[in-house]
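# Structural overview for review
Residues per chain are reported as follows:
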Amino acid sequence: MEIFNLENLSFTYNGSDRNALSGINLTVNSGDFLLLIGESGCGKTTLLKMLKRELTPFGQKSGKIFYKGKKIEDIESRESTSQIGFIMQDPDAQIVTDKVYSELSFGLENLGYESRIIRSKVSEFATYFGLLKSFEQNTFTLSGGQKQLLNLASVMSMNPEVIILDEPTSQLDPISALEFIGTLKRLNDDFGTTVIIAEHHLQEIFPIANTVAYIEDGKLSDIGSPREIGTKLKGKKIERTLPSSVRIFNALGATSKCPITVKEGREFLFDILSEDDHISYIEPKISKKIIECKNIWFRYEKRSADILKGCNLSVNKGEVYALLGENGCGKSTLLKIINASLKPYRGKVIRPKRVVCLPQNPKDIFVKDTVADDLKTIDNSYKELSGLLKIDHLLGLHPYDLSGGELQRAAICKILLTDPEILLLDEPTKGLDNFAKSNLGELLKTLTDSGKTVIIVTHDLEFAALYANRCGLLFDGIITSENFTNPFFSYNSFYTTAVSRMTKGIVKNAVTVEDIIELKRTEYEKNS
Amino acid sequence: MNTFRNFHPLTLAGYFLSVIGISIFTFNPIYLLSGLFGSLLFLITLMGFRKMFAHLRFYFLIFLIVTFTNPVFSHNGATVLFFINDNRVTLEALIYGAVLGLMITEVLLWFKCFNLVFDSERLLCLFGKTFPKLALVVSIALGFVPQFIRTFKSINSTQKALGFSKRRVQRYLTSFSAVITRSMEGAIITSDSMKCRGYGLKNRTYFSRFRFTAYDVLYILIFFVLLICTLPALFLGQSGVSFYPYVKFEMPTFFTVLSLLSFTVLAMIPSFFEVKEGIRWKYLISKI
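A brief report on the enclosed structure follows. (Residues numbered from 1 in each chain as written. Chains lettered and ligands numbered in written order. Predicted model: local features only at pLDDT ≥ 70, side-chain atom pairs only at ≥ 80, totals over all residues. Heavy atoms only, no water.)

### A look at the pairing of strand β9 (residues 211-216) of chain A
Residues and elements named next belong to chain A. Note the following rule: Only protein chains enter the accessibility calculation, which uses a 1.4 Å probe; a residue is then buried when its area is under 20% of its type maximum, exposed when over 50%, and partly exposed in between. Counting from the N terminus, the helices are the DSSP runs of H or I reaching at least four residues and the strands are the DSSP runs of E reaching at least two. Two strands are counted as paired when DSSP detects at least two bridges linking them.
Along β9, five of the six residues are buried, which leaves the element largely enclosed by surrounding structure. Sheet topology places β9 next to strand β10 (residues 219-224); five bridges connect them, and they run antiparallel. In the strand pairing of β10, alanine 213 is matched with isoleucine 223. Counting the residues that bridge the hairpin from β9 to β10 gives two residues, and of these aspartate 217 lies at a positive phi of roughly 50°.

Next up, the structure:
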């Protein structure tokens with residue numbers, strides 16, 4: 001059964017002369033899992049909002065949207081509310097009420113159900129989503145991942161036919177993101193709920209989707225199964241967001257079945273790699289230590305449990321050190337201790353004077369109406385630095401109008417004005433698309449080349465593998481494993497990059513896509 | 001464990017209204033003492049012995065202040081203790097002050113219990129059915145405030161670390177205005193989220209997780225009976241005490257005794273309830 005049918009849909013925002021969407025023809029069937037991909041600003045969000053009548057933006061629309069054969073303007077409000085669910089990026093702001101259960105019942109109350117029915121529906125969904133433990137809690141006590149699951153659950157409690165999601169995992173850490181996407185797949189499998197989702201990070205979701213639509217400049221450029229789209233996007237800028245296996249497949253110019261999961265990637269690599277292939281790894285030189293934490297013990301309250309239990313950490317001058325570990329393991333706490341905003345009750349920290357921290361939300365850095373005004377609060381001579389960081393064109397804008405990547409660069413610029421020796425970055429890749437991520441990585445390299453030292457706390461293993469010099473895993477209050485990036489990831493079996501998992505037991509020291517491509521390039525050049 | 005609060009908010013509200021109401025309208029120290037005793041026991045079950053004592057200091061201070069303020073302003077009474085600036089300080093005025101202090105302390109303590117038992121969701125449950133929109137606004141506000149405070153703290157500490165302005169007040173103001181801007185941004189998303197989930201459709205209902213059970217009916221009846229037994233003596237003036245010129249209690253009648261007993265039982269119900277459930281629980285465990 002057709003759920004959505006878009007006929008030659010175009011849309012222009014009021015006051016803009018550019019088409020946000022142009023001539024889109026698309027059919028979504030019941031039970032589909034449709035993934036929309038495309039660069040930031042390509043029109044994905046606009047397209048999704050057109051499908052939810054309550055959110056349709058103001059502007060010039062042409063073409064038609066049908067929901068189950070009826071024009072979307074003609075469906076009844078009640079039907080539109082309950083059957084089409086919509087989930088946005090920001091886990092916090094979407095939550096309306098103060099208690100978990102009242103959030104779950106919010107939509108049902110609006111639809112005018114009586115208490116008895118609401119009670120049974122809410123309990124059903126709280127059970128399905130594992131929200132039982134937090135049922136009576138205040139919503140603000142939940143973690144970001146739990147919040148987003150709550151948002152999903154409160155939409156699902158209205159029993160929608162289709163759920164539309166606009167980058168729902170961009171603000172979550174990878175593990176919560178994985179859980180969220182897993183839940184989506186389960187909903188799709190168990191109830192046949194149609195899913196339409198826009199995402200930037202594709203490693204996990206790409207194989208789950210049954211249709212992928214690539215949107216470029218407001219046009220539907222390609223649509224097909226993940227395998228087809230994977231090969232079709234070869235050479236495009238968007239390609240680097242695709243799963244590692246697809247990128248390797250494309251880069252090597254293979255023509256067999258395109259591998260989209262780690263398992264298929266392994267099979268593919270098994271065929272093309274031989275035992276002679278190996279990646280050489282040379283241990284880099286170590287410069288002098290600049291930070292040393294010795295035997296750090298820390299707890300937040302007198303009676304609470306220890307967060308850090310004799311943690312040792314040393315960071316060398318001019319390196320990018322990635323501190324990894326799961327949520328709540330004490331990474332941010334350790335960062336605050338290095339930053340001297342927390343004091344350990346035992347242990348010693350040797351550190352230079354000027355250490356600054358970029359908080360998880362870079363918006364915290366800005367308090368003025370324009371970026372330039374904000375930079376001026378630190379130093380009036382910001383021109384040189386702003387040029388270096390390529391934010392000159394953003395100086396006159398309000399900080400909140402910047403995109404995730406731009407905001408981060410501006411925030412780093414403001415921090416650099418204090419001339420720190422050490423930069424601490426807390427989850428710097430959160431909410432960034434791949435383009436912004438690689439920009440950030442390059443920026444970190446420039447900084448360390450000029451003698452700064454950078455410590456990043458991150459969940460993003462792929463980012464750490466590409467840009468960190470050394471990595472450490474914080475677990476149970478101490479750093480349990482620490483090494484240079486390449487051996488760190490190639491020794492780890494589970495907590496490691498997709499490429500490392502793909503090549504485990506096949507070839508050593510392969511951690512990033514580039515490693516494999518580099519290995520095979522000479523061979524391909526020889527052949528051709 | 002706190003079983004008393006598991007009653008339906010309506011039952012709880014009825015209970016607190018009766019106890020606090022009676023306490024305010026009596027001036028008999030015996031009533032007040034039994035009410036005080038009840039509230040203290042209830043507080044112990046609510047917050048534990050040690051924590052309650054820490055709280056008591058504040059209430060004791062209020063009691064003292066009221067007790068010693070009254071004789072300064074009121075010079076009635078026959079038993080003169082001493083003179084201050086040619087003004088009589090009498091024993092009766094002192095006792096009157098003590099009783100007044102006792103009453104205020106007792107009522108405050110019951111309010112403290114009320115506060116601990118009656119959180120926002122119970123409050124919402126009471127008027128949510130009649131004013132669903134108002135209930136929603138309160139619920140949104142309650143969710144909003146902690147988020148606001150958290151954002152403020154994180155912005156302020158970031159600004160402090162960046163060395164923004166040595167003067168604390170200026171930093172606070174700047175951070176505050178930044179939080180406002182940010183909250184406005186969030187509010188747009190929140191309103192979208194509300195629209196998506198059908199806010200503004202007709203016939204919005206209100207859902208509360210509390211259920212009114214037969215148990216509630218039973219206890220409301222009990223409260224009502226106790227209230228009926230307490231009130232006549234109060235209205236007939238038989239429980240009265242006069243303080244000036246001498247402290248004098250009325251002769252006890254059947255109604256006075258009935259009334260006093262009923263009120264004492266009423267004041268003891270919550271702690272009795274907690275203890276009973278506690279014992280029953282232990283008994284169950286020991287059976288297992």
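Next comes the rest of the description.
### Brief notes about the nonpolar core
Note the threshold: Residues belong to a common nonpolar core when they are buried Ala, Val, Leu, Ile, Met, Phe, Trp, Tyr or Cys residues joined through side-chain atoms within 4.5 Å. Should any heavy atoms of two residues lie within 4.5 Å, those residues are counted as being in contact.
With 67 residues, the main nonpolar core has A:Leu35, A:Leu104, A:Phe129, A:Leu152, A:Ile163 and A:Leu184 as its most contacted residues. A total of six residues in this core trace back to one element, the largest contributor, which is helix α6 (residues 144-156) of chain A. Each residue touching A:Phe129, except ones within four places of it in the same chain, is listed here: A:Leu149, A:Leu152, A:Ala153, A:Met156, A:Thr183 and A:Leu187. Formed by 47 residues, the second largest nonpolar core is a distinct cluster that contains A:Tyr382, A:Val454, A:Val511 and B:Leu162.

### Section: the packing of aromatic side chains
Here is the rule we go by: Between the rings of Phe, Tyr and Trp (Trp by its six-membered ring), a pair exists once the centres lie within 6.5 Å; its type follows the angle of the planes, with under 30 degrees stacked, over 60 edge-to-face, and the other angles tilted.
A full pass over the atoms with the stated rule returns 41 aromatic pairs over all chains. Plain terms: the ring middles of A:Phe463 and A:Tyr467 are 5.0 Å apart, the flat faces sit at 50° to each other, and that makes the pair tilted. Of this pair, A:Phe463 and A:Tyr467 both sit in helix α17 (residues 461-467), four residues apart, roughly one helical turn. Like A:Phe463, the residue A:Tyr467 is buried in the burial classification. When the ring of B:Phe7 is compared with that of B:Tyr219, the centres are 4.9 Å apart and the planes differ by 50°; the resulting orientation is tilted. A residue pair is termed long-range when its members are at least 10 positions apart, and B:Phe7 in the segment before α1 (9-25) and B:Tyr219 in helix α8 (residues 214-236) qualify at 212 residues. Here B:Phe7 matches B:Tyr219 in class, with each residue buried. Taken together, B:Phe4, B:Phe7, B:Tyr15, B:Phe16, B:Phe42, B:Trp110, B:Phe114, B:Phe118, B:Tyr215, B:Tyr219, B:Phe223 and B:Phe273 form an aromatic cluster joined through their ring pairs.

### Re the sheet that holds strand β14 (residues 346-350) of chain A
Residues and elements named next belong to chain A. Test applied: Interaxial angles span 0 to 180 degrees and are taken between N-to-C directions of axes, which are lines fitted to C-alpha atoms, for helices over the stretch in contact.
Pairing in this open sheet of three strands is antiparallel, and the strands run β12-β11-β14 from one edge to the other. Here the strands that pair on one side only, and so sit at the sheet edges, are β12 (308-316) and β14. Strand-to-strand twist of the sheet, defined as the mean angle between neighbouring strand axes without regard to direction, takes the value 10°. Alignment of strand β11 (residues 289-298) against β14, held across four bridges, turns out to be antiparallel. The residue of β14 that forms the bridge with lysine 294 is lysine 348. The sheet strands contacting helix α12 (residues 331-338) are β11, β12 and β14, and the helix crosses β12 at an angle near 60°.

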